[in-house]
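Results of the structural survey
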Amino acid sequence: MRALGCVHYAISSTGAGSMGESGPETEARRLEVPDNQSAAHLYGRQEENLRVLEDGLGVHIVARGNELVISGPSSATAQAADLLGRLARLASQGRELSGRDVQYAVQALRRGEADRLEGLWQDAVGTTVRGRVIRPKTLGQQRYVEAVRRDTMCFCIGPAGTGKTYLAMAMAIAAFKAREVSRIVLTRPLVDAGEKLGFLPGDLQDKVDPYLKPLYDAIYDIMGVEAYERHHQRGAIEVAPLAYMRGRTLDDAFVILDEAQNTTREQMKMFLTRLGFGSKAVITGDVTQVDLPPDRDSGLLDAQQVLAGVPDIAFVRLDEGDVVRHPLVQAIIRAYDRDAARSAPQTETVGSVEP
């Protein structure tokens, strides 16, 4: 019996597999989880997490109370036992694991990044109004969080569902609560997403609020409606269209520009030059969803080239592996990427900026 943190496991070889003498050797490994609560956090609802591991690593897992029996090819069972040990240590600390967490852990193992998982899962950005801890859920998201903490300005570019806006909002609120900044400014360009909305009733705020709703959704989830209204009334939190930023200097503020792919070059320059002393800026966008007219270039695409190599500005790129919505979203993004690659003209590519 060997100790693996809070998990104990034993190995028993079961000889050659069904492929005959030349087939892979199979074995069974037994892991003991410390207590019932840790086991519940590890196994997931109706043992969903164990099924994800089975499908991802090609092993068979049987749960008997606090004991797990893993069987299959030797290399696969070794990988599964190692990963389960890491996940069990996390579960013993009170972390409830989802099927998405386990699926991402399998992906990280395949990329040789399993050693970085525990550091990822222990990083906390803040808490929601309901007390849920907000953490980066992927290594890409962790790089994003580290870049925001390190640099004055951070561009985060990636597809829908990668947590770009939500994590930026969580970090802004955490900085505000810690009094690292005295206000939060949230903005985005008002561009129709492929359809004309026509006349909207109400005053100016009523007309622009539908465009800004994703920002409100995030801030309500993290801070709560009442706290937002209180801070908003005294001017500590502002949610406004990008056009409202012209002519201003934003000192001692955490500023977020969302949907930055829909800015023009001129708008992007205007926004970036609003930054004042003691401030931090996060710019998020998805360069595959530009809603500008065909004759207008995206300010986000332009900024990648213009600002490459400028000190204290970070560029972080997320991809479908960082999507934290339904797994189908990953498949949809990959399908569109493949289609775009097939239809793109064969031209020489320009080097990109690395995170």
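Residues numbered from 1 in each chain as written. Predicted model: local features only at pLDDT ≥ 70, side-chain atom pairs only at ≥ 80, totals over all residues. Heavy atoms only, no water.

On a plain count of helices and strands, the protein comes out with 12 helices and 13 strands. Counting over 355 residues, the protein shows a buried share of 47%. When the accessible surface of the protein is summed, it comes to about 18,200 Å², and 50% of that surface belongs to carbon and sulfur atoms. (Helix = DSSP H or I, 4+ residues; strand = E, 2+ residues; numbered from the N terminus. Buried < 20%, exposed > 50% of the residue type's maximum accessible area, 1.4 Å probe, protein only. Areas by Shrake-Rupley, 256 points an atom, 1.4 Å probe, with all protein chains shown as cover.)

Our next topic: the pattern of salt bridges. Enumeration over the complete set of coordinates arrives at 19 salt bridges. Put simply, Arg 150 and Asp 151 hold a salt bridge, and the shortest N to O gap is 3.0 Å. According to the relative accessible area criterion, Arg 150 is exposed, its value standing at 55%. Using a relative accessible area of 10% as the deciding quantity, one classes Asp 151 as buried. A salt bridge links Arg 188 to Asp 258; its shortest N-O distance comes to 3.3 Å. You can see Arg 188 sitting in strand β9 (residues 183–188) and its partner Asp 258 sitting in the loop between β11 (253–257) and α10 (265–272), a full 70 residues away along the chain. (Salt bridge = Lys/Arg side-chain N within 4 Å of Asp/Glu carboxyl O.)

Below, the discussion takes up the side chain of Arg 95. Looking at the element boundaries, Arg 95 is found in the loop between α3 (74–92) and α4 (99–110). With relative accessibility at 15%, the residue Arg 95 sits in the buried group. The residues touching Arg 95, leaving out its near neighbours within four places in the chain, are His 41, Leu 90, Asp 101, Trp 121 and Arg 135. (Contact = heavy atoms within 4.5 Å.)

Moving on, we come to α4. In this model, α4 (12 residues) spans 17 Å end to end at C-alpha, consistent with the 16 Å of a helix rising 1.5 Å per residue. Counted residue by residue, α4 has 10 buried out of 12 residues, so it is predominantly covered. Buried residues of α4: Gly 99, Arg 100, Asp 101, Val 102, Tyr 104, Ala 105, Val 106, Gln 107, Ala 108 and Leu 109, and no others. One or two residues past the end of α4 sits Gly 112, with phi positive at roughly 75 degrees. (Expected span 1.5 Å × (residues − 1).)

One can find Pro 311 in the loop between α11 (299–306) and β13 (313–317). When the C-alpha positions of Pro 311 and Met 153 are compared, they lie 9.5 Å apart, and in sequence the two are 158 residues distant.

Here we take up the packing of aromatic side chains. Applying the stated criterion across every chain, the model contains four aromatic pairs. Their ring planes at 80 degrees and their centres at 5.8 Å tell us that Tyr 216 and Tyr 228 sit as a pair that is edge-to-face. Placement of the pair is Tyr 216 in helix α8 (residues 204–223) and Tyr 228 in helix α9 (residues 225–233), with a sequence separation of 12 residues. Residue class for Tyr 216 comes out buried when judged on its relative accessible area of 10%. Chaining the aromatic ring pairs together yields one cluster made of Tyr 216, Tyr 220 and Tyr 228. (Phe/Tyr/Trp six-rings, centres within 6.5 Å; stacked < 30°, edge-to-face > 60°.)

Right, let's talk about a nonpolar patch on the surface for a bit. The grouping of Leu 328, Ile 332 and Tyr 336 at the surface amounts to a nonpolar patch, some 340 Å² of accessible area in total. Within the secondary structure layout, Ile 332 lies in helix α12 (residues 327–343). (Patch = residues over 30% accessible without salt bridge, like charges linked within 9 Å, V, L, I, M, F, W, Y side chains within 5 Å.)

Along the chain, the position of Ile 256 falls in strand β11. Apart from the residues lying within four places of it in its own chain, the contact partners of Ile 256 are Ala 168, Met 169, Ala 172, Val 185, Leu 186, Thr 187 and Val 282.

We now examine the nonpolar core. Counting 38 residues, the largest nonpolar core has Tyr 144, Met 169, Leu 186, Ile 219, Met 223 and Phe 254 as the members making the most contacts within it. Those residues within four positions of Tyr 144 in sequence are excluded, and the remaining contacts are Cys 154, Cys 156, Gly 163, Lys 164, Leu 167, Ala 168, Val 282, Thr 284 and Val 316. With 33 residues, the next largest nonpolar core counts Val 33, Ala 39, Leu 42 and Ala 105 among its residues. (Core = buried A, V, L, I, M, F, W, Y, C linked by side-chain atoms within 4.5 Å.)

What follows covers the sheet that holds strand β10 (residues 237–241). A sheet is described by the order of its strands in space; here six strands give the open sequence β10-β9-β11-β12-β8-β13, paired in parallel fashion. Both edges of this open sheet fall to β10 and β13, since each of them pairs with a single strand only. The sheet shows a mean angle of 15 degrees between the axes of neighbouring strands, direction not considered. Where strand β8 (residues 153–157) lies against strand β12 (residues 280–285), five bridges are found, and the strand directions are parallel. Of the residues in β12, the one forming a bridge with Met 153 is Ala 281. (Pairing = 2+ DSSP bridges. Axes fitted to C-alpha atoms, helices over the stretch in contact; angles between N-to-C directions.)

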